[in-house]
Amino acid sequence: MIQMSIPLIPADDGALLIPADDVTCLLRRLAADWLESERTGEMCGDERTVRDLANVLTELADQIDVACIGFTSPSPRL
C-alpha cells in the first residue's frame, strides 16, 4: 500500500497546487505497486490489463516531466 505525503501549495486565486515532481512520483509508485501486486497475486484482474494500466501511468508521468522540462528550460538565444 502506498503511503506518502504531498504538499499542497495555495495559489493566489484560492486553488490548491501540487508540485509536478510529487505527482509524477505518485504515478510511478502507483504503477510499481500495481505491478508488484499483480506479480504476487494480490491484484484482482488480468495480468495484461494491469501491465497496460501501469504503463499508462508511467507514460503520463513521463509526459508531465517532459512538459515541465520544456516549461523551465531557458529559451534558446538567437
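Residues numbered from 1 in each chain as written. Predicted model: local features only at pLDDT ≥ 70, side-chain atom pairs only at ≥ 80, totals over all residues. Heavy atoms only, no water.

## Digging into the overall build of the protein
Phase 1: Within the protein, the secondary structure is distributed over two helices and two strands.
Phase 2: Each helix (α) and strand (β) of the protein, taken in turn from the N terminus, gives the series β-β-α-α.
Phase 3: Along the three orthogonal principal directions, the C-alpha set of the protein runs to about 55 × 35 × 15 Å.
Phase 4: Here the protein, with 78 residues, has 14% of them falling under the buried criterion.
Phase 5: Excluding contacts between residues fewer than 6 apart, the proportion of contacts in the protein whose partners are at least 24 apart in sequence is 42%.
Phase 6: Accessible surface computed for the protein: about 6200 Å², of which carbon and sulfur atoms make up 59%.
Phase 7: A distance of 7 Å separates the average location of the 6 positive side-chain charges in the protein from that of its 14 negative side-chain charges. (Helix = DSSP H or I, 4+ residues; strand = E, 2+ residues; numbered from the N terminus. Buried < 20%, exposed > 50% of the residue type's maximum accessible area, 1.4 Å probe, protein only. Contact = heavy atoms within 4.5 Å. Areas by Shrake-Rupley, 256 points an atom, 1.4 Å probe, with all protein chains shown as cover. Lys, Arg positive; Asp, Glu negative; His and termini not counted. Charge placed at Lys NZ, Arg CZ, Asp CG, Glu CD.)

## Quick word on helix α1 (residues 20–40)
Side chains of residues three or four places apart in an α-helix project in the same direction, reflecting 3.6 residues per turn.
Phase 1: For α1, which comprises 21 residues, the first-to-last C-alpha distance of 30 Å matches the rise-based estimate of 30 Å (1.5 Å per residue) to within 8%.
Phase 2: Check the buried side of α1 and you find it contacts α2 (47–72).
Phase 3: Taken from the residues just after α1, Gly 41 is the one with a positive phi, measuring 85°. (Expected span 1.5 Å × (residues − 1).)

## What to know about the environment of Pro 7
Phase 1: The residue Pro 7 is located in the segment before β1 (9–10) in this model.
Phase 2: In this structure Pro 7 comes out as partly exposed when scored by relative accessible area, which is 42%.
Phase 3: When the C-alpha positions of Pro 7 and Asp 65 are compared, they lie 18 Å apart, and in sequence the two are 58 residues distant.
Phase 4: In this structure, Pro 7 is in contact with Leu 17, Ile 18, Pro 19 and Asp 22, ignoring residues within four places of it in sequence.

## A word on the nonpolar core
Phase 1: Counting residues in hydrophobic clusters, the biggest one holds five residues: Leu 27, Ala 31, Ala 54, Leu 57 and Ala 61.
Phase 2: Elements represented by at least two residues in this core include exactly α1 and α2.
Phase 3: In terms of residues, this core owes the most to one element, α2, which gives three residues.
Phase 4: Apart from the residues within four sequence positions on either side, Ala 61 is in contact with Thr 24, Leu 27 and Arg 28. (Core = buried A, V, L, I, M, F, W, Y, C linked by side-chain atoms within 4.5 Å.)

## Quick look at the side chain of Ser 37
Phase 1: Along the chain, the position of Ser 37 falls in helix α1.
Phase 2: Here Ser 37 falls in the buried class, since its relative accessible area comes to 13%.
Phase 3: Among residues more than four places away in sequence, those in contact with Ser 37 are Glu 42 and Met 43.

## Some points on the packing of α1 against α2
Phase 1: Running from N to C, α1 and α2 cross one another at 165°; their axes reach a closest spacing of 9 Å. Considering the angle they form, α1 stands roughly antiparallel to α2. Remark: the crossing between α1 and α2 carries left-handed chirality.
Phase 2: Residue composition of the contact of α1 with α2, grouped by class: 15 nonpolar, two polar and six charged. (Axes fitted to C-alpha atoms, helices over the stretch in contact; angles between N-to-C directions. Parallel < 35°, antiparallel > 145°, perpendicular 65-115°, else oblique. Left-handed = near helix turned anticlockwise from the far one by under 90°. Nonpolar A, V, L, I, M, F, W, Y, C, P; charged D, E, K, R; others polar.)

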